[in-house]
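So the chains spell out like this:
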Amino acid sequence: MSTPSDTLREWGEALKRALQGLLGRGDEPQPVPVRVKMLAFVLLAASADAQPRNVVFILSDDHRYDFFSAHPNAPAFLRTPNMDRMATEGAHLANAFVTTSLCSPSRGSILTGRYAHNHGIVDNTSPIPEGTRFFPQDLQAGGYRTAYVGKWHMGEVDDAPQPGFDRWVSFRGQGAYTDPLLNIDGAQVQHEGYTTDLLTDYAVEFLEAQDGSEPFFLELSHKAVHAEFSPAPRHRGTYADVTIPYPETMWPTERNVLGKPHWVRAQRGSWHGVDFMFHGDLGPGQSGFDNFYRRYTETLLALDESVGRVLETLERLGLAENTLVVYMGDNGFLLGEHGLIDKRNAYEESIRVPMLAWAPGWIEPGTRVEALVRNIDVAPTFLELAGTSTSIDMDGTSFLDLLPGGAEAGGAGREFLYEYYWEYAFPHTPTTFALRGDRYKFIYYHGVWDTEELYDIAADPEERVNLVEALPEVAADMRSRLFDRLSEDDAMRVPMRRGNWNADERLLYD
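Points about unusual backbone geometry
Glycine aside, negative phi is the norm for most residues, and most peptide bonds take the trans geometry.
Move 1: Residue Val225 is bonded to the preceding Ala224 through a cis peptide linkage, with omega at 5°.
Move 2: Look at Asp185: it is not a glycine, yet its phi comes out positive at around 55°.
Move 3: Located in the positive-phi region is Arg344, a residue other than glycine, with phi close to 75°.
Move 4: Position of Arg344 among the secondary structure elements: in the loop between β11 (341-342) and α11 (348-351).

The following block contains the structure:
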């Protein structure tokens, strides 16, 4: 079936042939009416695959990289038809990562294109440093209509409208899964219903208000699937009878424990460990883990439906072929790997995220991008698409050229810095620095007397064999480059934050 883009290309090619006849081939060009010239310009521009100008960015929370059903490693029972649609009709960026696996720092990196040590939002309670600029301000200055809908979570208690957005819908901190109090353009409005659905309603409302006179940028930033997980009522029990696929590294075997740092072994029995999850309040042993796992996958279902509503709205409004939709997680999540749950650490399940891109007529269906992409690359990508400059000193680089090109344009990966700073509220995980490249990952822990880690990701994707002693030269080289990067960025100062509560004081499921 032909699309509007196909029709425009056919018209453009036909007009080009007609104009060549009018202008002559090798003879003295003939005069052409101005109106014909203008029409020629419009249609010839359309004869190539047109790059979209609008952007919809859907950001989820705690969504690990392999939990959508089109992914080859997804649980066999999981069904996410709308995320699958993005992958099959668009592009799957198969090696997407975050530079800090924690809500606020990652969101700060997405909106600034900078590492956390540069933008200064280093944990979930850090206020936004004065003078911080977010890239939507540049889009707005370039003529874009902009909207932010959903979880902000930079500055724990602040839900006030932020500069750079014409439309603002948000809430304080982590928010709630049901009946949220939302800040609508500066006014507090109590709502009834499931938050994922309500946020999608506001996103659809913004899209329906666009008349095509200006390009637009919409960020739909979900709370889902952040712990503690709470599925929509319509989805509760969907996976009640499925068999949970436990990861092999979950068990405390000699092979799994050998070479792992002491803090990892100890964390098994803590708030973020499979042996004492949430201090034992989720239920005993494997039954508690199974319930935790099922709630996670059931909470994903409304999120997937939200993606579908956005795509369907764009199609209904005739905006699909002029809009790039990108779906991404703000960090990953461990579900038993190495005996752990949650994120924060530098293991693959923590730092890898799902990333999908959909732009009918521009991205070839089924495209797979192998190149390493980071959250700090999002801002420069969207700015390049918009043709807009910025005064932000960004650490990331655009991956826009990878989207229509696919695997052939994948190029070499980019080694990146990972950083996580110890939190008073969750003292189980130490300050962590890592370098992650195409083959090796080196992990260094600050402030604890413990072993470093080195993994051959290509040969050992489950990170079971610590090579730090077997490959001392590789470890020494990566350690040196790690500290060189931190020194060059003036990032050798580890920030400290005041704290007044710990994880065991958190409210659990009601």
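Comments concerning the side chain of Thr323
Move 1: Assignment of secondary structure puts Thr323 in strand β9 (residues 323-329).
Move 2: Of the polar contacts made by the side chain of Thr323, one reaches the side chain of Asn54; its length is 3.4 Å.
Move 3: Residues within four places of Thr323 in sequence aside, it is in contact with Pro52, Asn54, Val55, Val56, Phe216, Leu314, Trp358 and Ala359.

Looking at helix α12 (residues 378-386)
Move 1: Among the 9 residues in α12, 7 count as buried, and that is most of the element.
Move 2: Buried within α12 are the following residues: Val378, Ala379, Pro380, Thr381, Phe382, Leu383 and Leu385.
Move 3: At the C-terminal side of α12, Gly387 shows a positive phi close to 65°.

Side note on the environment of Asn322
Move 1: Among the structural elements, Asn322 can be located in the loop between α10 (285-316) and β9.
Move 2: Not counting chain neighbours up to four residues away, the residues in contact with Asn322 comprise Gln51, Pro52, Arg53 and Asn54.

Regarding the sheet that holds β9
Move 1: Taking strand neighbours across the sheet as the criterion, the 10 strands line up as β7-β6-β5-β4-β8-β1-β9-β13-β2-β14 in an open arrangement whose pairing is mixed. Each of the sheet's edge strands pairs with one partner strand only, and the pair in question is β7 (187-190) and β14 (367-369). Taking the axes of each pair of neighbouring strands and ignoring which way they run, one obtains an average angle of 15° across the sheet.
Move 2: In terms of strand pairing, strand β2 (residues 91-93) meets strand β13 (residues 355-358) through 2 bridges, oriented antiparallel. Looking across to β13, one finds that His92 is bridged to Leu356.
Move 3: Across the sheet, helix α7 (residues 195-208) is in contact with β1 (54-60), β4 (145-150), β5 (167-170), β6 (181-184) and β8 (216-221); its angle to β8 comes to roughly 175°.

What counts, and where the lines are drawn
Residues numbered from 1 in each chain as written. Predicted model: local features only at pLDDT ≥ 70, side-chain atom pairs only at ≥ 80, totals over all residues. Heavy atoms only, no water. Helix = DSSP H or I, 4+ residues; strand = E, 2+ residues; numbered from the N terminus. Polar contact = N/O pair within 3.5 Å; in protein donor to acceptor, adjacent residues only side chain to side chain. Contact = heavy atoms within 4.5 Å. Buried < 20%, exposed > 50% of the residue type's maximum accessible area, 1.4 Å probe, protein only. Pairing = 2+ DSSP bridges. Axes fitted to C-alpha atoms, helices over the stretch in contact; angles between N-to-C directions.

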